Amino acid sequence: MGDPVAPVEAKEHFDVDHDFIAHLNGECLDWAGMDGSALQSALQAQGDAWYGLVKERCPHLFAAAPVFISELQLKQMRAVIAAVEEVVGAPELHAALGVFYGYDFHLNGQGAHLIEVNTNAGGGFLNALLIDSQRESVLYGVAVAEQNLEQVFIAMCRNELHLERGDAPLKNIAIVDEHPESQYLLPEFQLAKTMLERTGIAAHIVDPVALEARDDGLYCSGARIDLIYNRLTDFDLQQYPHIHSAWDRQQVVLTPNPAHYRRYADKRKLAQFSDREWLCRAGISQASMDALLQGIPETYIVHAKDAEHWWVERKQWFFKPVSGYGGKGAYRGEKLTKRVFEEIMQSDYVAQRLALPGERKICLEGVEPQLLKFDVRCYVYDGRIQLVAARLYQGQTTNFRTPGGGFALVRVVE
């Protein structure tokens, strides 16, 4: 494991503009806001039923203010993403690449810190709607997003099919999650369905158990499914062998799939990405090694034999389950009880050196201004950033329950 308690030298400010960025995020400045009316118009344009669902189920889906970052912070995030791509290596030939990877960063005075990689990151369609709603508005800073995101997303889905099926047409997509009608992000599934159907692709929002296995593949409502947009958090599909079997027999394109999760998102990968000796043995380029060691907090696989060390130094670490998601089962060390700590020591966990998130002041009418935490998510396909968004929240995890919080615009200050 190496020495999990060795002190780390404090890094100097990565970004010479940090103080100005902190000022922008630390104040409610009228000239550095967003066009709330334009966002509301874009939401209402999706139809009364959809708009009503958002207002009822997830009123804190979109944040009240943008998050500002610098060009240098964006440059560092790009470098970390490129370095991860080098480490995991080229994908298999004729295999889907995996849609909507989310690289989640904490930004602070010491730079941008990759906290984790998600291979089924939610919010891509919602953030595209948010970004598009502001394109005609005069805002401070610059968005990080490709043009025509709808076309970009459609092309991505078509490419996933093309990689495995050649010139076969994309006719039927299943958007799959457990009990989708009760999912908090059901509005996003509906956005995706509408977008796909505008291009003539039939889209089905469906629970995995509703997919019918036949000799030649999976069916939904009598239609053979060409591609599954997978939002399940059962990353190995242990609960759904009919989906795993159809994918394994190449009867359906599954994206993202268990292979993608193993290559990128298993938390043990973070221990490799932040291990200098491992990176040297793997022959990683010096530039990528520098990006990873600066941009990924030290991460170790937790072993029970090191429990005494971890307990003494716990306040400097964040403990995450190897196969966790959405902050479930994750603990900041200083808040651990002895009982929970002992459970962690007997489970599959990693410990990641604490990298504090940035903060953004939010000012709502009739409420005292408050500082919310934020993380920055880069949505990536084939190593390329499609868009960058942030999530504002209180507490330990991004739960979309905070007034003024939710998905936020990211504006780069040049």
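Residues numbered from 1 in each chain as written. Predicted model: local features only at pLDDT ≥ 70, side-chain atom pairs only at ≥ 80, totals over all residues. Heavy atoms only, no water.

Visitor: Can you walk me through the pairing of strand β2 (residues 101-108) in this structure?
Guide: Within a regular strand, the side chains alternate between the two sheet faces. Of all 8 residues that make up β2, 8 are buried, and the element is covered over most of its length. Pairing of β2 with strand β3 (residues 111-118), which is carried by 7 bridges, proceeds in the antiparallel orientation. Note on β3: the bridge partner recorded for N108 is G111. From the end of β2 to the start of β3, which pair antiparallel, there are 2 residues. (Buried < 20%, exposed > 50% of the residue type's maximum accessible area, 1.4 Å probe, protein only. Helix = DSSP H or I, 4+ residues; strand = E, 2+ residues; numbered from the N terminus. Pairing = 2+ DSSP bridges.)

Visitor: Looking at this structure, how should I read the packing of aromatic side chains?
Guide: Scanning the entire structure with this criterion turns up 16 aromatic pairs. Where F235 meets Y261, the ring centres are 4.3 Å apart and the plane angle is 5°; that geometry is what we call stacked. With a gap of 26 residues between them, F235 in the loop between β10 (227-230) and α8 (241-248) and Y261 in helix α9 (residues 258-265) connect regions that are remote in the sequence. One aromatic cluster is present, formed by F100, F125, F153 and Y229 through successive ring pairs. Positioned over the ring face of W311 is K338, at 4.2 Å from the centre of the ring. (Phe/Tyr/Trp six-rings, centres within 6.5 Å; stacked < 30°, edge-to-face > 60°. Lys NZ or Arg CZ within 6 Å of the ring centre and 35° of its normal.)

Visitor: Can you walk me through the pattern of salt bridges in this structure?
Guide: Side-chain pairs of opposite charge can arise whenever the charged atoms involved come near each other. Counted according to the given criterion, the structure contains 17 salt bridges. Across the pair D104 and R391 runs a salt bridge whose closest N-O atoms are separated by 3.3 Å. Taken as a pair, D104 in strand β2 and R391 in strand β18 (residues 384-393) lie far apart in primary sequence, 287 residues in all. Of the two residues, D104 and R391, neither departs from the other in class, the shared state being buried. The shortest N-O distance in the salt bridge between K305 and D306 comes to 3.5 Å. By relative accessible area, which is 68% here, K305 ends up exposed. Overall, the relative accessible area of 9% leaves D306 in the buried class. The structure contains a network of salt bridges with shared partners spanning D104, D375, R377 and R391. (Salt bridge = Lys/Arg side-chain N within 4 Å of Asp/Glu carboxyl O.)

Visitor: How do you make sense of the state of the cysteines when you look at a structure like this?
Guide: Each disulfide consists of a covalent bond between the sulfur atoms of two cysteine residues. Tallying each qualifying case throughout the model produces 1 disulfide. The side chain of C28 participates in a disulfide bridge whose partner is C363; the two sulfur atoms lie 1.9 Å from each other. Residues C28 and C363 share a disulfide whose torsion about the S-S bond is about 90°; that sign makes it right-handed. Residue C28 is found in the loop between α1 (18-26) and α2 (36-44), and its partner C363 is found in the loop between β16 (358-362) and β17 (370-381); the two are separated by 335 residues along the sequence. Unpaired in terms of disulfides, C220 finds its nearest cysteine sulfur in C157, a separation of 16 Å. In this structure C378 is a free cysteine whose sulfur lies 20 Å from that of C157, the closest cysteine sulfur available. Classification of C378 as buried rests on a relative accessible area of 0%. (Disulfide = S-S within 2.5 Å.)

Visitor: Before we go on, may I ask you to explain the nonpolar core in this structure?
Guide: Ranked by size, the top nonpolar core spans 53 residues in total, and within it L61, F62, F100, F125, L126, F153 and I173 carry the most contacts. If near-sequence neighbours (up to four positions away) are discounted, L126 is found in contact with W50, L61, F62, L185, E188, L191 and F407. (Core = buried A, V, L, I, M, F, W, Y, C linked by side-chain atoms within 4.5 Å. Contact = heavy atoms within 4.5 Å.)

Visitor: Where do I start with the sheet that holds strand β12 (residues 299-301) in this structure?
Guide: Sheet strands pair via backbone hydrogen bonds, and the direction of the pair is either parallel or antiparallel. The 4 strands are arranged β12-β15-β13-β14 in an open sheet whose pairing can be described as antiparallel. The open sheet has two free edges, formed respectively by β12 and β14 (331-332), since each of these has just one partner strand. Bridge count for strand β13 (residues 317-321) against β14 is 2 bridges, and the pairing is antiparallel. The residue of β14 that forms the bridge with F319 is Y331.

Visitor: Got a minute to help me understand the sheet that holds strand β6 (residues 202-206) in this structure?
Guide: A sheet is described by the order of its strands in space; here 4 strands give the open sequence β6-β5-β10-β11, paired in parallel fashion. Bordering the open sheet on either side are β6 and β11 (253-255), each of which pairs with just one other strand. Within the sheet, the average angular offset between the axes of one strand and its neighbour, ignoring direction, is 20°. One ladder, built from 5 bridges, connects strand β5 (residues 172-176) with β6; its direction is parallel. Across the sheet, the residue bridging to A174 is H204, located in β6. Lying over the sheet, helix α6 (residues 149-165) contacts β5, β10 and β11, oriented at roughly 135° with respect to β11. Contacting β5 and β6, helix α7 (residues 186-198) crosses the sheet at an angle of about 165° to β6. (Axes fitted to C-alpha atoms, helices over the stretch in contact; angles between N-to-C directions.)

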